[in-house]
Amino acid sequence: NEVKFLRLDKYLKVSRLIKRRTVAKEVSDAGRITLKEGLQGTDIKVGDILSLSFGGRQLELEVLEVCETKRAEEACNMYKIIKEVNLRQEREDW
């Protein structure tokens with residue numbers, strides 16, 4: 001079930017970072033997801049560092065596993081959150 005590469009929108013859906021693949025594609029197409037190197041990629045592989053900005057949060061995470069399907073309770077094992085910022089909370093603190 002594990003693969004070498006996976007399209008970004010599919011990875012976001014399988015990992016449950018974003019519930020629907022269409023929303024994941026929209027977020028990706030809007031440029032709110034980038035690879036650490038600053039390039040916007042379409043294929044994700046193990047070891048990639050992603051920066052996501054959506055839903056009032058900004059996440060930086062490392063891809064630990066890439067696979068076509070994953071059980072909901074195991075999906076969080078596909079990545080490790082490096083940094084998380086609640087953008088709404090930061091605005092309220094100003």
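Placed above this text is the structure.
In this text, all values refer to a predicted model and were calculated from it rather than measured experimentally.

Novice: Teacher, can you tell me more about the overall build of the protein chain here?
Specialist: Helix and strand counts for the protein chain stand at 3 helices and 6 strands. Listed N to C, the secondary structure of the protein chain is β-α-α-β-β-β-β-β-α in terms of helices and strands. For the protein chain, with 94 residues in total, the buried portion stands at 37%. Contacts in the protein chain between residues far apart in sequence, at least 24 positions, make up 46% of those at least 6 positions apart. If you sum the accessible surface of the protein chain, you get close to 6,100 Å²; carbon and sulfur atoms cover 47% of it.

Novice: Hey, could you run me through the pattern of salt bridges in this one?
Specialist: Any two side chains of opposite charge can pair, so long as their charged atoms come close to each other. By the definition in use, this model includes 9 salt bridges. Note that Lys80 and Glu62 form a salt bridge whose closest N and O atoms lie 3.6 Å from each other. With Lys80 in strand β6 (residues 79–86) and Glu62 in strand β5 (residues 57–63), the pair connects residues that are 18 residues apart, well separated along the chain. A residue is classified by how much of its surface remains accessible, and Glu62, at 23% relative accessible area, is partly exposed. A salt bridge links Glu73 to Arg71; the shortest N-O distance between them is 2.6 Å. Given the relative accessible area of 54%, Arg71 is considered exposed. Each of Arg7, Asp9 and Arg21 takes part in one network of salt bridges that share partners.

Novice: Explanation requested: unusual backbone geometry in the structure shown.
Specialist: Negative phi values dominate among residues other than glycine, just as trans dominates among peptide bonds. Of note in this structure, Arg16 is not a glycine but carries a positive phi near 65°. Its place among the elements puts Arg16 in the loop between α1 (8–14) and α2 (21–29). A residue is classified by how much of its surface remains accessible, and Arg16, at 38% relative accessible area, is partly exposed.

Cut-offs and rules
- Residues numbered from 1 in each chain as written.
- Predicted model: local features only at pLDDT ≥ 70, side-chain atom pairs only at ≥ 80, totals over all residues.
- Heavy atoms only, no water.
- Helix = DSSP H or I, 4+ residues; strand = E, 2+ residues; numbered from the N terminus.
- Buried < 20%, exposed > 50% of the residue type's maximum accessible area, 1.4 Å probe, protein only.
- Contact = heavy atoms within 4.5 Å.
- Areas by Shrake-Rupley, 256 points an atom, 1.4 Å probe, with all protein chains shown as cover.
- Salt bridge = Lys/Arg side-chain N within 4 Å of Asp/Glu carboxyl O.

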